[in-house]
Amino acid sequence: MNFGLTEEQRQFKEAAREFAERVIRPAVRHMEESNQFPWDIIRQMGELGFFGIEVPEEYGGVGADAISYTLVLEEISRVSPAVGVIMSVNTSLAVGGILQFGTEEQKRKYIPPLISGEVIGAYSLTEPQAGSDAASLLTTYRKEGDRYIINGRKIWCTNGPEARYIILYAVEDTKNPKRTMTAFIIDTTRKGFSVGKVEEKVGLRGAHSAELILEDYEAYPEEILGEEGKGYKIALTLLSSGRIGIASQSLGIAQGAFELALEHATTREQFGQPIANFEMIQYYISEMATRIDAARLLTYRAAWLKQMGLPYRKESSMAKLYASETANYVTDRTIQILASMGYSMEHDGQRYWRDGRVTTIYEGTSEIQRIVIAREILKEMGKI
Ligand SMILES: Cc1cc2nc3c(=O)[nH]c(=O)nc-3n(C[C@H](O)[C@H](O)[C@H](O)COP(=O)(O)OP(=O)(O)OC[C@H]3O[C@@H](n4cnc5c(N)ncnc54)[C@H](O)[C@@H]3O)c2cc1C
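Residues numbered from 1 in each chain as written. Predicted model: local features only at pLDDT ≥ 70, side-chain atom pairs only at ≥ 80, totals over all residues. Heavy atoms only, no water.

**Regarding the domain arrangement of the chain**
Often, the extent of an interface is quoted as the loss of accessible area on bringing the components together.
Phase 1: Domain parsing of the chain yields domain 1 (7-119), domain 2 (123-229) and domain 3 (233-380).
Phase 2: In this structure, domain 1 and domain 2 have C-alpha centres spaced 23 Å apart.
Phase 3: Facing 25 residues of domain 1, the contacting portion of domain 2 comprises 18 residues.
Phase 4: Between domain 1 and domain 2, a total of about 2,000 Å² is buried, with carbon and sulfur atoms accounting for 65% of that surface.
Phase 5: If you sort the residues of domain 1 by the area they bury against domain 2, Asn35, Gln106 and Tyr110 come out on top, with a joint share of 28%. (Domains from an automatic or database assignment. Contact = heavy atoms within 4.5 Å. Buried area = accessible area lost by both parts, 1.4 Å probe.)

The following block contains the structure:
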């Protein structure tokens, strides 16, 4: 067993930290105030190869491993969880989906633009009645000659307003969704697609999640991802891999907040000494550090299993569950240590707290992760 990073992994981590500090940090306040999508940052990340870390060189990627991707996403999210989620959705779900399930033609057509930073991708499963119960879709398709006509309404699609290509799920028969669900690669410039309400969120300003409306949208057979009727399996498989991304984002959020808490604890004086001298503050520091470390180990292990080609569904859910709960714990304790300053909009503490809150919700809530973990254990035992 080796807990060290390879030279290549270390270089990715350093490059991402340098970029996040030099380019993203100075832009954070503007993103918070304007809520503008950070196209300039996204283009530069594309040029640096951050969206193509796991993509083979033949499709324009870097051809590195899943741990390198995890490290970069963690470093980006340590400074901006909003840029982190834009990256995670584009890379883990859109690019990752086409890489895993796409035909050779689809890979050559969609992956180079999606990793260049010139266009961005998204993943759209959720509907008003279909949250955790992802099979209960009402967005439908029907075949007409060589076309698939899609109608329906999606919600909460991250990168939805900006995306050029979206992996979107629809069913042929709402009474038989698991057998008829199909994943389509939607081209958002085509007739029949429009963006509806953009959600006013608690955090992650600059990243946008929106309603998508499909009215007689026409897709072609070559725009089906994987096989027709296999969409449910594709949706769940991609979420499994996406959860490593959200675990990495959560880890970055926890790390970023923890550093703020440490800085404050060692400089703020009360009763004639730094508050870090008080045992109760030390309890928080030790608890935060230990949970971050445990989350980091779980996340890197899930990424390692993925890059080794081994099963990782249980482990990615464990990583996502623990890292997201840790992000919530650490950002909450950070506010406690910062106290009144933590409750002020002028200090960055509240931003991590608001941005981190959603990590136990998207790509499967903590309750759903527990169901996945328990099911995988019972399956291993042959009990289900
Ligand atoms: C900021 C943001 C970005 C998002 N981005 C995307 C995106 O890009 N693409 C996309 O498709 N979706 C996206 N989503 C949607 C997200 O994946 C869903 O919100 C999530 O799956 C939960 O669904 P829900 O909100 O409808 O909650 P519900 O499913 O209604 O759950 C409500 C509560 O009930 C619990 N619950 C539900 N079922 C069970 C059960 N069987 N056992 C125990 N407890 C249960 C849940 O854990 C939760 O606590 C996003 C959401 C947010 C907030």
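**Quick notes on helix H12 (residues 366-380)**
Every α-helix winds through 3.6 residues per turn, so residues three or four apart in the chain are directed the same way.
Phase 1: Relative to the 21 Å expected for 15 residues at 1.5 Å per residue, H12 spans 21 Å between its end C-alpha atoms, a close match to the ideal helical length.
Phase 2: Of all the positions in H12, only Ser366, Gln369, Val372, Ile373 and Glu376 are classed as buried. Within H12, the buried residues cover an arc of 115 degrees as seen down the axis, which keeps them to one side.
Phase 3: Packed against the buried residues of H12 are helix H8 (231-267) and helix H10 (313-338).
Phase 4: Downstream of H12 by a residue or two, glycine 382 has a phi angle that is positive, lying close to 75 degrees. (Helix = DSSP H or I, 4+ residues; strand = E, 2+ residues; numbered from the N terminus. Expected span 1.5 Å × (residues − 1). Buried < 20%, exposed > 50% of the residue type's maximum accessible area, 1.4 Å probe, protein only. Arc of directions from axis to C-beta.)

**Brief notes about the nonpolar core**
Phase 1: Ranked by size, the top nonpolar core spans 78 residues in total, and within it Met45, Ile150 and Tyr169 carry the most contacts.
Phase 2: Ranked by residue count, the leading element in this core is helix H5 (residues 81-101), at 9 residues.
Phase 3: Residues within four places of methionine 45 in sequence aside, it is in contact with Phe19, Phe50, Phe51, Ile76, Val83 and Met87.
Phase 4: With 32 residues, the next largest nonpolar core counts Ala247, Ile281, Ile337 and Tyr352 among its residues. (Core = buried A, V, L, I, M, F, W, Y, C linked by side-chain atoms within 4.5 Å.)

**Looking at the packing of aromatic side chains**
Phase 1: Taken as a whole and judged by the stated rule, the model has 9 aromatic pairs.
Phase 2: On the numbers, 5.9 Å between centres and 85 degrees between planes, the contact of phenylalanine 19 with phenylalanine 50 is edge-to-face. Taken together, the residues span a long stretch of sequence, with phenylalanine 19 in helix H1 (residues 7-24) and phenylalanine 50 in the loop between helix H3 (39-47) and helix H4 (66-79) at a distance of 31 residues. Here the two residues phenylalanine 19 and phenylalanine 50 agree in accessibility, since each one is buried.
Phase 3: One aromatic cluster in this structure is built from Tyr141, Tyr148 and Phe184.
Phase 4: Above the face of the tyrosine 352 ring, arginine 351 is positioned so that its terminal group lies 4.8 Å from the ring centre. (Phe/Tyr/Trp six-rings, centres within 6.5 Å; stacked < 30°, edge-to-face > 60°. Lys NZ or Arg CZ within 6 Å of the ring centre and 35° of its normal.)

**Thoughts on the pairing of strand S3 (residues 147-158)**
Phase 1: Pairing analysis gives 5 bridges linking strand S2 (residues 140-144) to S3, with the strands arranged antiparallel. For tyrosine 141, the partnering residue across the bridge sits in S3 and is isoleucine 150. (Pairing = 2+ DSSP bridges.)

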